[in-house]
Amino acid sequence: NAGVMQNPRHLVRRRGQEARLRCSPMKGHSHVYWYRQLPEEGLKFMVYLQKENIIDESGMPKERFSAEFPKEGPSILRIQQVVRGDSAAYFCASSPTSIDEQFFGPGTRLTVL
Amino acid sequence: AQSVTQPDIHITVSEGASLELRCNYSYGATPYLFWYVQSPGQGLQLLLKYFSGDTLVQGIKGFEAEFKRSQSSFNLRKPSVHWSDAAEYFCAVERGSGGGADGLTFGKGTHLIIQP
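Treat the numbers as computed from the prediction; the structure is a model and nothing was measured.

Novice: How would you explain the overall build of chain B if you had to name every residue and give the values?
Specialist: A tally of regular secondary structure across chain B gives zero helices and 12 strands. Secondary structure elements of chain B occur, N-terminal to C-terminal, as β-β-β-β-β-β-β-β-β-β-β-β. Taking 116 residues into account, the globule formula puts the C-alpha radius of gyration at 13 Å, and chain B, at 14 Å, falls close to it. Structurally, chain B occupies a C-alpha span of about 45 × 30 × 20 Å along its principal axes. By the burial criterion, 49% of the 116 residues in chain B qualify as buried.

Novice: Provide a residue-level description of the sheet that holds strand β3 (residues 19-24) of chain A, including the pertinent values.
Specialist: Note: strands within a sheet are paired through backbone hydrogen bonds, in either parallel or antiparallel orientation. Residues and elements named next belong to chain A. In space, the four strands of this open sheet follow the order β1-β3-β8-β7, with antiparallel pairing throughout. The strands lining the two open edges of the sheet, one partner per strand, are β1 (5-7) and β7 (65-68). Direction aside, the axes of adjacent strands within the sheet are offset by 15 degrees on average. The pairing of β7 with strand β8 (residues 75-79) spans four bridges and is antiparallel.

Novice: Can you tell me about the pairing of strand β5 (residues 33-38) of chain B, naming the residues and giving the values?
Specialist: Residues and elements named next belong to chain B. Burial analysis of β5 places six of its six residues in the buried class, the great majority of the element. In terms of strand pairing, β5 meets strand β6 (residues 44-50) through six bridges, oriented antiparallel. Among the inter-strand pairings, Leu33 is bridged to a residue of β6, identified as Tyr50. Between the antiparallel neighbours β5 and β6 lie five residues, among them Gly41 with a positive phi of about 75 degrees. Bridge count for β5 against strand β10 (residues 87-94) is six bridges, and the pairing is antiparallel. Looking at the pairing, Gln38 lines up with Glu88 of β10.

Novice: Describe the interface of chain A and chain B, with residues and values.
Specialist: At the interface, 21 residues of chain A touch 22 residues of chain B. For the pair chain A and chain B, the summed buried surface comes to about 1700 Å²; carbon and sulfur atoms form 50% of the total. Residue A:Glu101 pairs with B:Lys49 through a salt bridge whose shortest N-O separation is 3.4 Å. On the surface where chain A and chain B come into contact, there are five residue pairs in polar contact (both at pLDDT 80 or more). Residue assignment for the side of chain A that touches chain B shows that the elements contributing at least two residues are β4 (31-37) and β5 (43-50) of chain A. Taken together, the residues of the side of chain A that touches chain B break down into nine nonpolar, six polar and six charged.

Novice: An account of the environment of A:Gly3 is needed here, citing residue identities and associated values.
Specialist: Residue and element names in this part refer to chain A. Among the secondary structure elements, Gly3 is positioned in the segment before β1. Looking at Gly3, the relative accessible area reads 38%, which means it is partly exposed. On a C-alpha basis, the gap between Gly3 and Phe103 in space is 7.7 Å, while along the polypeptide they are 100 residues apart. If near-sequence neighbours (up to four positions away) are discounted, Gly3 is found in contact with Ser24 and Met26.

Novice: Describe the state of the cysteines, with residues and values.
Specialist: Counted according to the given criterion, the structure contains two disulfides over all chains. A sulfur-sulfur separation of 1.7 Å characterises the disulfide bridge that pairs A:Cys23 with A:Cys92. Classification of the bridge connecting A:Cys23 and A:Cys92 rests on its S-S torsion, roughly -50 degrees, and on that basis the disulfide is left-handed. With A:Cys23 in strand β3 and A:Cys92 in strand β9 (residues 88-95), this pair connects stretches of sequence that are 69 residues apart. The buried category is assigned to A:Cys23, whose relative accessible area is 0%. With a relative accessible area of 0%, A:Cys92 lands in the buried category. A sulfur-sulfur distance of 2.0 Å marks the disulfide that ties B:Cys23 to B:Cys91. Taking the torsion about the S-S bond as the criterion, the B:Cys23 to B:Cys91 disulfide, at about -65 degrees, is left-handed. Pair noted here: B:Cys23 is in the loop between β3 (19-21) and β4 (24-26) and B:Cys91 is in strand β10, with a separation of 68 residues, a long-range link. Considered together, B:Cys23 and B:Cys91 belong to a single accessibility category, that of buried residues.

Criteria and thresholds
Residues numbered from 1 in each chain as written. Chains lettered and ligands numbered in written order. Predicted model: local features only at pLDDT ≥ 70, side-chain atom pairs only at ≥ 80, totals over all residues. Heavy atoms only, no water. Helix = DSSP H or I, 4+ residues; strand = E, 2+ residues; numbered from the N terminus. Rg over C-alpha atoms; globule rule 2.2 N^0.38 Å. Buried < 20%, exposed > 50% of the residue type's maximum accessible area, 1.4 Å probe, protein only. Pairing = 2+ DSSP bridges. Axes fitted to C-alpha atoms, helices over the stretch in contact; angles between N-to-C directions. Contact = heavy atoms within 4.5 Å. Buried area = accessible area lost by both parts, 1.4 Å probe. Salt bridge = Lys/Arg side-chain N within 4 Å of Asp/Glu carboxyl O. Polar contact = N/O pair within 3.5 Å; in protein donor to acceptor, adjacent residues only side chain to side chain. Nonpolar A, V, L, I, M, F, W, Y, C, P; charged D, E, K, R; others polar. Disulfide = S-S within 2.5 Å.

Pasting the structure below:
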């Protein structure tokens, strides 16, 4: 059973461009979480999704950020009009149920020039 | 709101010595608690978790943690560290109502350095 997969592993964008980060959960997992890790910081919760539903997006910035987890395909975290402050590592985690441990992917390291 | 404090930013331990990493949490109900380890450039790996029951929890790689409700603590321990244990360690508490439905709140991490 493959682990949580994220791509790309590294992403470079110029200010004003869009960034799309993809997360494929472990097989059989229908719960997906996105976190952001800034340098020298712990992970900060962004959003919790189940298939086709956003359950909790209280950690998402109100503007420019959106997430989806369609019926088919990976979960997508989308950042529009990126700014330098968006540079961070973005981690996705999945779990089989809502009451279970979360398995983390290797992360996508976003650099905004 | 839930919060997690890891008071030690860096800890240096000699190889073969014992280790204790501190974690204090703020939570209104019985928390779900976790310890994760992160190697440089990697994702997080779960070491152990506490949901309920026995307050001394055994994890992978020889780690254990003890939940102490009276002290709001969930300290991680290992009797004898190995050079491969050098990494960043994160304590986390689940954010929701105790049902594990929400994401996790993480501490800022403790960087563990192993001296030969």
